[in-house]
Amino acid sequence: MTVARQEGVGRLVVVGIGLIGGSLALGLKAASGCREVIGVARRVETCEQAVALGIADRAVTDVREVLPELEAGDVIFVSVPTLTVEAIFAQLKDQLPAGVTVTDGASVKGSVIAAARKVWGEVPEFLVPGHPIAGSEQSGVTAARDDLYIAHRIILTPAESTGAAHLGRIDAMWRAVGAEVLTMPVAEHDEVLAATSHLPHVIAYGLVDTLAHDAENENIFRYAAGGFRDFTRIASSDPVMWRDIMLANRDAILKSIDLYTSNLEALRGAIASGDSEHLMGVFTRAKAARDHFTKMLAKKAYTETMEVKDVTFVAHPGGAVNGELRVPGDKSMSHRSIMLGSLAEGVTEVEGFLEGEDALATLQAFRDMGVVIEGPHNGRVTIHGVGMNGLQAPPGPLYVGNSGTSMRLLAGLLAGQQFDVTLTGDESLSKRPMNRVANPLREMGAVVETGEGGRPPLKIRGGKTLKAIDYPLPMASAQVKSCVLLAGLYAEGDTSTTEPAPTRDHTERMLAGFGYDVRRDGARACVTGGGKLTACHIDVPADISSATFFMVAASIAPGSDVLLEHVGINPTRDGAINILRAMGADITLQNQREVGGEPVADIRVRYAPLKGIRIPEDQVPLAIDEFPAIFVAAACAEGETVLTGAEELRVKESDRIQAMADGLKVLGINAEPTPDGIVIQGRGGQGSAEVFAGGEVDSLGDHRIAMSFAVAALRAGAEIRILHCANVATSFPNFAELAGRAGMKLTVS
Ligand SMILES: O=C(O)C1=C[C@@H](OP(=O)(O)O)[C@@H](O)[C@H](O)C1
Ligand SMILES: C=C(OP(=O)(O)O)C(=O)O
């Protein structure tokens, strides 16, 4: 269906001047979006009121009175109760001048289409069925407001026969009053609204009516607290309107009622039998869904952040970092704690969990597969494990946002389940390579489909018997290694991986922590399928990848001295410490200890002049996520820094080699990308405090690029504006706050 671009509306005729019709009239007048508003109401008093309130320029009691004077470009908006629409259409028949557009605001679209067919014998090209979904318990002409539709969603359900010019006119009319316009097929609209609007009204009316019949009703209403009031607000809505909706959308509403009734029956059963697991399952899933929905309404969903919210960092020049800081929990371990905790027998308690969008995406995926997970509350999560074979088919595709780790590790686990599942991600993740996991899984007998070019979505077929393999990894990737080992838990026999260089070994360590035998011999790790995991307690240390931003900040800004507390210093993750030390950084590890099978320390970093180095290739996998920050250190060093053997950086949330080279160049640094690395000419030897010029750089929605350029401002001569920073929330949601507390001058807009 094409939408033709349109001029404004000529005259607007509003048939039915209540909240919906009156608000459109007021909004369009305020936007100077039409020449004149003519109101049509059954009662003379309403007509007079509409004129007195400035809603209509004039008003009549029968639309037929004004039809002869209408002309092409005028719009008739029918906003009467659903079952009255047909009678209004009948009044329009035969007298409607050519080129006039008719649209409506009824909550059911199937019945409007049926009414049009009855009156005109077809759906006429001038009819654009629509639904402003703006109704409330308030009604009548006095409820009209000129701002009702600002940032509000309007659904249009054009038919095949709807003319493009008419559709374009209505689309433009709604946009003129500030609305966002969506189009949808009629049947889909009616099903969606049955579930999201019509069913809640049935329940609210039914509940209030039930209680009102109770002999004690006065007491019930007197003592009914906020919950009752909030839940039943919509039972004050207009009864005629809602009776019409129930009759007009009968089949879809019955379907919703049946589904809800069976859920209510199950809840009743659980209460009767004291089934606390069932109750916790329903309540935690519902709470998570409602919280998610609340965030979506506030435009801060943890999924789809790139579309929803645009964040710019403005990093003001200068400053130093000082104090004691605890950065958030390790992302890699947080993901794995949810995965293994869910598959374990018993209840796993997690502390220090990263409440960032990536780890929350993993958590949501397991909730969608029926696992009861409480929290997170201040980093504490309680996972009621379902055992190796206890996951259930999710209700739809699992959306994992920006998180490569979620998608690749889940692919391995899901290959061994009995149900089919689809994994999807955001724009950035949808560009990242997935054959690196699909190929070994296929070798194991899994059926995995990828999107074009081996990209997401991943469709994984359930019910396949997996066979064990010995897999030599073609690249140093902990995600691929973990994917194969996790699939190996479901395979018959011994599955092993051999890596070309050491990569983070959190999967192996945490499996062992859950009592699963992992045999490790140099580069080889091996698991035997068919075992079980036993719930445990997990203390997630602070993420060394997040700590690196402050290690670099302190190293480049004179006067800095920070203590980063309780950071994981697993030897497969400590490349940044080694590389920065080789460059001359002053880093000391204090209070080294082991917590839950992972080495941890407090890291003290003081300013020290840095020098450029050739980064040893064996450090690359050990610092794979830290390079954007290390490049900033290199720019502040004296002499040249050369990185090779790091082509993996090109397939992260962005092409991190290109993204950093481009940004560094904007800031006046000579940085030349190579196929597998970069060569950076440091400006630290030039005796100036200012290494970077100011300017505007694009993080391309990559959290680590965004935070690295924020750190660069410590040695900049002018402000650095960093675009598209919303995804900082994937790994380090309180970065700006901590950076400010430490002494960086960062504002977020
Ligand atoms: O296993 C993990 O938790 C991760 C492994 C690394 O990815 P690769 O395996 O693709 O190198 C890393 O970049 C990512 O942030 C987290
Ligand atoms: C590469 C990263 O994460 P992922 O692969 O999980 O998206 C990262 O956090 O830098």
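Residues numbered from 1 in each chain as written. Chains lettered and ligands numbered in written order. Predicted model: local features only at pLDDT ≥ 70, side-chain atom pairs only at ≥ 80, totals over all residues.

Looking at an unreviewed UniProt entry, one finds the protein named 3-phosphoshikimate 1-carboxyvinyltransferase, with Microbulbifer celer as its source organism. In UniProt, the protein has this text filed under Sequence similarities (unreviewed entry): "Belongs to the EPSP synthase family." (UniProt positions renumbered as here; feature names shortened; annotations may be inferred.)

Bridge count between strand β30 (residues 695-698) and strand β31 (residues 720-723): 4 bridges; the pairing is parallel. What sits directly across from Asp698, in β31, is Leu723. Taking the sense of rotation as the criterion, the β-α-β connection linking β30, helix α23 (residues 703-712) and β31 turns out right-handed. (Pairing = 2+ DSSP bridges. Helix = DSSP H or I, 4+ residues; strand = E, 2+ residues; numbered from the N terminus. Right-handed = clockwise from strand over helix to strand, strands pointing away.)

Spatially, β15-β16-β18-β17 is the arrangement adopted by the 4 strands of the open sheet, whose pairing is mixed. Edge positions in the open sheet fall to β15 (398-399) and β17 (447-449), since each of these has one partner strand only. As paired strands, β17 and strand β18 (residues 458-461) are joined by 3 bridges and run antiparallel to one another. Bridge pairing in β18 places Val448 opposite Ile460.

Now for the UniProt feature "transmembrane region" (unreviewed entry) in the protein. In the numbering used here, UniProt assigns the "transmembrane region" (unreviewed entry) feature to residues 12-31. Between the C-alpha atoms that bound residues 12-31 the distance is 13 Å, and the span itself is 60% helix and 20% strand.

A few words on the nonpolar core. Grouped together as the largest cluster of nonpolar side chains are 88 residues, with contacts concentrated most on Phe550, Ala553, Ala633 and Ala710. In this view, Ala553 contacts Val321, Ser560, Val711, Leu714 and Met744; residues no more than four positions away in its chain are not counted. Residues Tyr399, Leu466, Leu511 and Tyr516 belong to the second largest nonpolar core, which totals 69 residues. (Core = buried A, V, L, I, M, F, W, Y, C linked by C-beta atoms within 7 Å. Buried ≥ 20, exposed ≤ 12 C-beta atoms within 10 Å, placed from the backbone. Contact = placed C-beta atoms within 7 Å.)

We now examine the site of ligand 1. In the vicinity of ligand 1, the contacting residues are Ser332, Thr405, Ser477, Ala478, Gln479, Ser482, Arg504, Ile624, Asp625 and Glu648. Top element by residues in the shell around ligand 1 is helix α17 (residues 478-488). It accounts for 3 residues. Counted by class, the shell around ligand 1 contains 2 nonpolar, 5 polar and 3 charged residues. When residues are assigned to domains, the shell around ligand 1 turns out to be shared by domain 3 (313-324 + 541-748) and domain 4 (333-539), each giving three or more. (Near = placed C-beta within 6 Å. Nonpolar A, V, L, I, M, F, W, Y, C, P; charged D, E, K, R; others polar. Domains from an automatic or database assignment.)

Quick look at the sheet that holds strand β8 (residues 153-156) now. Strand pairing in a sheet is mediated by backbone hydrogen bonds. Such pairs are either parallel or antiparallel. Here 3 strands make up an open sheet; going across it, the order is β7-β8-β9 and the pairing mixed. Of all strands in the sheet, those bounded by a partner on one side alone are β7 (130-131) and β9 (180-183). Pairing of β8 with β9, which is carried by 4 bridges, proceeds in the parallel orientation. The partner of Ile154 across the bridge, within β9, is Val181. Running over the sheet, helix α5 (residues 164-176) touches β7, β8 and β9 and is turned about 170° from β8. (Axes fitted to C-alpha atoms, helices over the stretch in contact; angles between N-to-C directions.)

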